[in-house]
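The primary structure of each chain is shown beneath.
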4 protein chains.
Amino acid sequence: MAHEVRGRAWLQAMLDFEAALARAVAPADAAEAIAAACVADGFDLEEIGRSAADKGTPVPGLLSALRAKLPEDAAAHLHRGATSQDVVDSAAMLVAGRALGPLLEDLGAAADACAGLAERYRDAPMAGRTLLQQAAPITFGLEAAGWLSGLDQVQTELADVRANGLAVQLGGAVGTLAALGDEGPAAVASVARSLGLAEPALPWQTVRVRPVRLACALGAAAGVMGKIARDVELLAQTEVGEVSEGGGEGRGGSSTLPHKRNPVGAVAVSACAARVPGLVATMLASMTQEHERAAGAWQAEAETLSDLLRLTGSAAAALRGLLEGLEVDTDRMRANLDITGGLLMSESVVTALTPSLGRAKAREVVEEAARRVMDEGVSLREALPDVDDATLAPESYLGAASELIDRALEAHRSSA
Amino acid sequence: MAHEVRGRAWLQAMLDFEAALARAVAPADAAEAIAAACVADGFDLEEIGRSAADKGTPVPGLLSALRAKLPEDAAAHLHRGATSQDVVDSAAMLVAGRALGPLLEDLGAAADACAGLAERYRDAPMAGRTLLQQAAPITFGLEAAGWLSGLDQVQTELADVRANGLAVQLGGAVGTLAALGDEGPAAVASVARSLGLAEPALPWQTVRVRPVRLACALGAAAGVMGKIARDVELLAQTEVGEVSEGGGEGRGGSSTLPHKRNPVGAVAVSACAARVPGLVATMLASMTQEHERAAGAWQAEAETLSDLLRLTGSAAAALRGLLEGLEVDTDRMRANLDITGGLLMSESVVTALTPSLGRAKAREVVEEAARRVMDEGVSLREALPDVDDATLAPESYLGAASELIDRALEAHRSSA
Amino acid sequence: MAHEVRGRAWLQAMLDFEAALARAVAPADAAEAIAAACVADGFDLEEIGRSAADKGTPVPGLLSALRAKLPEDAAAHLHRGATSQDVVDSAAMLVAGRALGPLLEDLGAAADACAGLAERYRDAPMAGRTLLQQAAPITFGLEAAGWLSGLDQVQTELADVRANGLAVQLGGAVGTLAALGDEGPAAVASVARSLGLAEPALPWQTVRVRPVRLACALGAAAGVMGKIARDVELLAQTEVGEVSEGGGEGRGGSSTLPHKRNPVGAVAVSACAARVPGLVATMLASMTQEHERAAGAWQAEAETLSDLLRLTGSAAAALRGLLEGLEVDTDRMRANLDITGGLLMSESVVTALTPSLGRAKAREVVEEAARRVMDEGVSLREALPDVDDATLAPESYLGAASELIDRALEAHRSSA
Amino acid sequence: MAHEVRGRAWLQAMLDFEAALARAVAPADAAEAIAAACVADGFDLEEIGRSAADKGTPVPGLLSALRAKLPEDAAAHLHRGATSQDVVDSAAMLVAGRALGPLLEDLGAAADACAGLAERYRDAPMAGRTLLQQAAPITFGLEAAGWLSGLDQVQTELADVRANGLAVQLGGAVGTLAALGDEGPAAVASVARSLGLAEPALPWQTVRVRPVRLACALGAAAGVMGKIARDVELLAQTEVGEVSEGGGEGRGGSSTLPHKRNPVGAVAVSACAARVPGLVATMLASMTQEHERAAGAWQAEAETLSDLLRLTGSAAAALRGLLEGLEVDTDRMRANLDITGGLLMSESVVTALTPSLGRAKAREVVEEAARRVMDEGVSLREALPDVDDATLAPESYLGAASELIDRALEAHRSSA
């Protein structure tokens, strides 16, 4: 299914290019005839696929099929001045632009969901964890604000790529536009306008900054999503239990293991994200393209880019669902704060005692108390009877958490 | 040596962070004492290196060594409110900013050299090649303009990263700035100002968009440089001979093979560029960072980023040298245009004959003539006696090459 | 199409696992009923695909569809003791084993073709090239022997993986086989036997050495193929012209550029090979699998492995076609040996003069002569009138080329 | 320091090659003189490093320095018949062989430690976890047996690479051994013998299966180590607490956060393992080497291979330390088994009830009970009063765990 969709999306994009080119360089009636024939539904995707396997590019097969639908005088104007790579590269940009629509929408909704969590759980203390060990208190609102900040950054980058980075490719056989005589540059401008793509200063057939910039932006987006998914998987562990994925009956359930609430959305995001770095590396390595058309490196790009769009898009959809339905257990968060017997507040105590004792002495006192907590099983409260309650309360050692949440929310609002 | 330099550059950057932090949060005299001690030359790099191997981070060892140089009351204010990761991440940004200076200068000079080549060889025809086969004529000026366009794009991106993407990291143990009480956000702003880095909305200790954006911009730069190097290697082949690397006596020479003019600069660029995609993939894969500090993924970044800066910087220096000294043999370019017996002009003839014969018939005529050229060894000129000379002259089938060169030069001037 | 084939191949492999498991753990009549239903043609691939998207694994959907085809008492025995991962991992091994058949056949035929070239062109001198510069003579037979040696090595490795590396996975929910009571180990042995897979010492659900070893062997195979393809592309360049891809009318042709003989087979191999390293990296990075089933890393493997098998298989088929039809132009090879005016023989002259003059003096003489060749346009023959003809003849400076060819052929015969 | 060691190890290996070559092709007294001079301590590493930066290879600088130490008649025989790549490639194999010694020892010790854990905790029940959720009981012995099995597999592979995969490279300028006249093949055999490396059938200067096989074996080893480290990090979480890294005072401690027992060994392993896949991809992508010496791809290998050896070696040393000192808390394991109120035993109950009720009904009963456990807070024991105790005891639902441990131990003993 995904494959079929992918095939048809590419096919339509290639046809859109031919239609736009015809409007730019063919007489009006031929252009109309060509444009009218450029509808993907009329084509046999499998047959074109087979011809692509033979020729190494789907374009000749597509043009044959298209010519067969045209009156002879219109057919003569088809594809004028273009080379196969022009069609495929421009189609890739169109496909990317179209895929970025829902992807950005899902990313935006995921960010909105994070903003909601940041607001709602602004004052919900939880353990901050470093190297997978409880370290000091944060709030779940701050955690969500961090996620939000990551999503906003990658969304801004992807939106910029969509707005400015996707350009038409039209250069003809070797990038001179020679087969279009004097009309070349005007044709490029016209095709770009028709397709809603940028007009590049030069054809970019072997200077692959544009596809790579897109790939990198997708890579960063996948990375941020992978980070969030990872946090959710960890927080959803049976032994932690601070969040779980919501959703209807049976979601993440297992018939033999009925107690499980598998974080299936997060796992889906993680699985997509795990595949992205290798694909971005392929795009980067493929920048070494010879002369005016590469022997292999260019041909390696199209499916790789499709996979990047598909995987990042799937991850965004799964992440959105996950965040919109996330169930948060603030009681469990509060309970987990206590499992170290208060040791989580050690830094707080050191900070509080430093003005009076000096830092070295303050540390010594806390280390001694910590030893008693760990060895004798008393609580830090008991080990340090003179320290005031506030100093031992997670709620009172949250630093700038709330202000940082405000900043993230403000940045989110202004990026929307 | 490179390692030593790398070590010292990192060390100084970490010290710069501590000095800036002290200025932000310590009393003036303690801050002065700390800042005065923060000079890399006074430290034993090897000892700090050893301590890093033990602890997994160089920061505790560095702080011990630094404390030993301070009066006790100044020492008490050292590193207040910061965690090891704050030091390393901020230092990474400083190191990157400092490495980007020469890198951007070399990239800029390489681009200038391309601009010079584009201007000088604007009208020098050569074979355009696709899939490593001669296809149709271009000019060497257009080739150089393509290179220029790639270099300008990646330079713009890297300059933007340097100007806006490098931010201080300061969050304390879990990103709340709690150990700084109310002073946290002001301290972040102050440290950022001191170090000439951006002030981030939030600490970014596990949201790694910034290092990844830097890595990706370096990756794209390496890719463009790799493309140019590849073209030079191919054009410098013994059998092609259109360019060679200049340079003094012995550069690229071989004592046993005295005829060789090895493209050593291009090979150096290629070797660097070949290593970059895998490193960028490592940075992307390392975005999956748990909670408030990652267990492994963060620790994988620093050396990877150093390698990326070093390899891309080396490539830029080599590319600059290569392009500034490039020797171009326009006679050989002209001679190579003729080795297909004129078949390189086939598209030109088809284009010229189409208005009178229609495209299908025009192609048929040219294909028949091409067959004679290949089978009987006549030239296309002989096989098509009625076609006018201009149609068979590479100089007259260059399309928009000159206009495209102007565009690239114009874009270069406006990006400078 | 490829997708459909891929889907159906996986589906059948999963069904084969269920049938083998039933034979191992179900009563005979239930096992027969299950095995009879396990035929991929009876299933709706799209529906199972949709369920996989929902659940993150195709197994529950497959089992539902399968149960619907079974009498109730047989259905009760279906999938007993297994978990979804058991099905998918065992199916992956089966799919790999089946894909390796044609892949190894194509690699073997490609190696045979190289052996034929090595034999046939054993005495055909050509320029050996280093850093893309002519360096000293070799024979095309030796070039082909090098290719042969690479293909034989990777074929041996892949054959070993197929024979010993593909093992059944059966462990149940957490790898203890607990749901099978005492029958677990016997069931594993039985399923392995039925499926023609190895019986592993332990379930390997999160210890992923096996899929990685397969991926690496595919990666090495793709790398060797990429090297051969690259050489062919370079030797086929218009300016070199030493080989070309054979094949019927129109293969590699271009209607607008009728002179082109594009190395389409080599380009196809290169394009596949370019995508493989990133995919192998994904497999390696995915080895970090948590506890008894991974959250994301495992789920990233299946499509990646499919892509690796498909790309390497396509490359092998293309390479076989390319090598079986390769056209070799020994005249052009001979002619290209002369384009340096004999300088290619510099090392030969140094070697010949060293016994009488000493190496330093011999080099000096040759360097002086080389300078005259390059500056004055004389040939090395003219510049060194006293050197005997044999010393200047490529045919007489081939060292152990012929013996090395024999070794490669001998190794090939013994590996077959 | 690591860099210095790396530099000196490479230098000595290159010198060892020259000494072995001299013994193979020079008169006895010259060979002795050369061998006597081939001691790394006598050379200025920095100067050779600088020359490498100029020339793109350290070999010419090394040879100059070496010649300066030799009497003239010995100097004339230095490096006869070899090319720079021969030196570097053979040195790489020597360096690898030497690095594999401690690496294999550490891997072996780590495996021994796992064997000890498997034996000692054979009957210690703990929660098996899938998708980071508790699923059903295993034993810690089985967990350790799985780790053991992975370590044994990669150790076997690496030992095989060391024994059979490391071969001398000697081919001269273009792989024909021409400068050695008839002596070539004998010289290769002699050098291989001297250096303790395999004698290859052919020079492998551009057929890079050997370095790639080494890289892949290192990659798989890093992957297995990364999996073990990941498990340790997860089991060491504050909320899980089933294992912790032992070690002296302060290991993994934090002065501000005295309660933390950071899994520093596991984090070190994870950080190394995270960097390996990208480096292996670089080695694979670098297999595309042109003709008789590559322009860039070969030059990208040496540092990449060094990094792979260094990172995998560091990981093995850290893993060994971690496993040898691992502290296991079986009480906590037992306690964690109860936190689902017995739901972890659901599959056990289904399995037990199936013979009497049929699987469908058995599931229904358990699902109903599970619902009560989750909603009403009763235990599964209370919800299913008729089920016998054994069915609800983790100890009695361990399937073949003990037998699987035996298998892993047996395989370990026979692989030693």
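Bear in mind the structure is a predicted one, so any value in this text is a computation, not a measurement.

What counts, and where the lines are drawn
Residues numbered from 1 in each chain as written. Chains lettered and ligands numbered in written order. Predicted model: local features only at pLDDT ≥ 70, side-chain atom pairs only at ≥ 80, totals over all residues. Heavy atoms only, no water. Contact = heavy atoms within 4.5 Å. Buried area = accessible area lost by both parts, 1.4 Å probe. Salt bridge = Lys/Arg side-chain N within 4 Å of Asp/Glu carboxyl O. Polar contact = N/O pair within 3.5 Å; in protein donor to acceptor, adjacent residues only side chain to side chain. Helix = DSSP H or I, 4+ residues; strand = E, 2+ residues; numbered from the N terminus. Nonpolar A, V, L, I, M, F, W, Y, C, P; charged D, E, K, R; others polar. Expected span 1.5 Å × (residues − 1). Bend = angle between axes of the 7 residues up to and from the residue. Buried < 20%, exposed > 50% of the residue type's maximum accessible area, 1.4 Å probe, protein only. Axes fitted to C-alpha atoms, helices over the stretch in contact; angles between N-to-C directions. Parallel < 35°, antiparallel > 145°, perpendicular 65-115°, else oblique. Left-handed = near helix turned anticlockwise from the far one by under 90°. Least-squares fit on C-alpha atoms with pLDDT ≥ 70 in both. Domains from an automatic or database assignment.

## A word on the interface of chain D and chain C
The interface is formed by 81 residues belonging to chain D together with 81 residues belonging to chain C. For the chain D and chain C pair, buried surface summed over both sides reaches about 6,300 Å², with 66% attributable to carbon and sulfur atoms. Contact with chain C buries area across many residues of chain D, yet Leu202(D), His291(D) and Arg359(D) alone supply 11% of it, more than any other trio. In this assembly, chain D and chain C are joined by 4 salt bridges. Note that Glu199(C) is salt-bridged to Arg407(D), the shortest N-O span being 3.5 Å.

## A short note on the interface of chain A and chain B
Counting from both sides, the interface comprises 80 residues of chain A and, opposite them, 81 residues of chain B. Surface buried jointly by chain A and chain B totals about 6,400 Å² across both partners, of which 66% is contributed by carbon and sulfur atoms. For the pair chain A and chain B, the number of links is 26 residue pairs in polar contact (both at pLDDT 80 or more). For the side of chain A that touches chain B, the element with the highest residue contribution is helix α9 (residues 209-235) of chain A, accounting for 15 residues. Across the side of chain A that touches chain B, the residue classes tally to 44 nonpolar, 19 polar and 17 charged.

## Some points on helix α10 (residues 264-285) of chain D
Residues and elements named next belong to chain D. Here α10 contains 22 residues, and its C-alpha end-to-end distance of 33 Å stays within 8% of the 32 Å for a straight helix at 1.5 Å per residue. Most pronounced at Val276, the bend in α10 amounts to some 25 degrees, and the proline Pro277 follows within four residues. Of all 22 residues that make up α10, 19 are buried, and the element is covered over most of its length.

## Notes on the packing of helix α6 (residues 84-120) of chain A against helix α17 (residues 401-415) of chain A
All names here are of chain A. For the pair α6 and α17, interaxial distance at closest approach is 10 Å and the crossing angle is 150 degrees. The angle between α6 and α17 falls in the class roughly antiparallel. Seen from above, α6 lies across α17 with left-handed handedness. When α6 is examined against α17, the residues Ala111, Asp112, Ala115, Ala118 and Glu119 are found in contact with a partner set consisting of Ile405, Leu409 and His412. Of the residues that constitute the contact of α6 with α17, the class distribution is 5 nonpolar, 1 polar and 2 charged.

## Side note on the side chain of Asn336(A)
Here Asn336(A) lies in helix α12 (residues 330-336). Non-local contacts of Asn336(A), meaning those with residues more than four positions away in its chain, are made with Arg129(A), Gln134(A), Val240(A), Glu242(A) and Glu239(D).

## Here's the deal with the relation of the copies chain D and chain C
Between chain D and chain C, which share one sequence, the superposing operator has a rotation angle of 180 degrees and an axial displacement of 0.0 Å; the RMSD is 0.0 Å. Given the turn and translation reported, the copies of this chain are related as if by a two-fold rotation axis. Taken together, the interface assignments show that 100% of the residues at the interface of chain D recur at the interface of chain C, consistent with an identical surface on both copies.

## Section: the domain arrangement of chain A
Residues and elements named next belong to chain A. Domain annotation for chain A reports domain 1 (83-329) and domain 2 (340-400). The centre of domain 1, based on its C-alpha atoms, is set 44 Å off from the matching centre of domain 2. With 8 residues of domain 1 in contact, the opposing surface of domain 2 contributes 7 residues. Between domain 1 and domain 2 the total buried area reaches about 600 Å² when both faces are included, carbon and sulfur atoms providing 77% of it. Contact with domain 2 buries surface across domain 1, with Pro125, Gln134 and Pro137 losing the most and accounting together for 65% of the total. Connecting domain 1 to domain 2 are 0 salt bridges. Sort the elements by how many residues they give to the side of domain 1 that touches domain 2 and strand β2 (residues 133-139) lands first, with 6 residues. Split by residue class, the side of domain 1 that touches domain 2 holds 6 nonpolar, 2 polar and no charged.

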